[in-house]
Amino acid sequence: QVQLVESGGGSVQAGGSLRLSCAASGSFFSINAMGWYRQGPGKQRETVAVISSGGSGGSTNYADPVKGRFTISRDNAKNTVYLQMNSLKPEDTAVYYCNADAIHRYGKNVFWGQGIQVTVSS
């Protein structure tokens, strides 16, 4: 019912920046919270940042390792969530996934994107 497509990943040197985007499409009534998660090599998937559906941009929460460096935002008109990543570190290397908590005709589910690679070299 909901498709999420991430873009903006790639390779960057330490200290650099990347901006990830995730656009939701399909058949749904509304999207509540949206978030970014990541899974590094040999690690479990972890939360990076989450944003609620508030009309003024939504409230945000960040994992401690990215606080002060990453910024999550969303454009509700475009059903898109962004992750601005600054001061990137090699330990930020991971596959990044977005998700969306969507309400559709059959109920409410969390949907995931396919993931996008971010590689930070030292």
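Placed above this text is the structure.
The rules behind the values
- Residues numbered from 1 in each chain as written.
- Predicted model: local features only at pLDDT ≥ 70, side-chain atom pairs only at ≥ 80, totals over all residues.
- Heavy atoms only, no water.
- Buried < 20%, exposed > 50% of the residue type's maximum accessible area, 1.4 Å probe, protein only.
- Helix = DSSP H or I, 4+ residues; strand = E, 2+ residues; numbered from the N terminus.
- Salt bridge = Lys/Arg side-chain N within 4 Å of Asp/Glu carboxyl O.
- Core = buried A, V, L, I, M, F, W, Y, C linked by side-chain atoms within 4.5 Å.
- Contact = heavy atoms within 4.5 Å.
- Disulfide = S-S within 2.5 Å.

### Some words on unusual backbone geometry
In this structure, N79 is a non-glycine residue whose phi angle is positive, near 50°. Given a relative accessible area of 25%, N79 falls into the partly exposed group. Unusually for a residue other than glycine, S87 sits at a positive phi of about 50°. Inspection of the secondary structure assignment puts S87 in the loop between strand 8 (80–85) and strand 9 (94–104).

### Topic: the pattern of salt bridges
Evaluated as defined, the whole model comprises five salt bridges. R38 is paired through a salt bridge with E46; the nearest N and O atoms lie 2.7 Å apart. A residue is classified by how much of its surface remains accessible, and R38, at 6% relative accessible area, is buried. As a salt-bridge pair, R69 and D92 come within 2.7 Å of each other at their nearest N and O atoms. With a gap of 23 residues between them, R69 in the loop between strand 6 (60–62) and strand 7 (70–75) and D92 in the loop between strand 8 and strand 9 connect regions that are remote in the sequence.

### A few points about the nonpolar core
Ranked by size, the top nonpolar core spans 31 residues in total, and within it W36, L83, M85 and Y96 carry the most contacts. Of the residues forming this core, the biggest block, five residues, is contributed by strand 9. In contact with M85, other than residues within four places in its own chain, are G16, S17, L18, L20, R69, F70, Y96 and V118.

### Digging into the state of the cysteines
The tally for this structure, following the rule as stated, stands at one disulfide. What pairs with C22 in a disulfide is C98, and their sulfur atoms sit 1.9 Å apart. With the S-S bond torsion at 45°, the cross-link from C22 to C98 turns out right-handed. Of the two residues, C22 sits in strand 3 (residues 18–26) while C98 sits in strand 9, which places them 76 residues apart along the sequence. Accessibility assignment for this pair places C22 and C98 in one class, buried.

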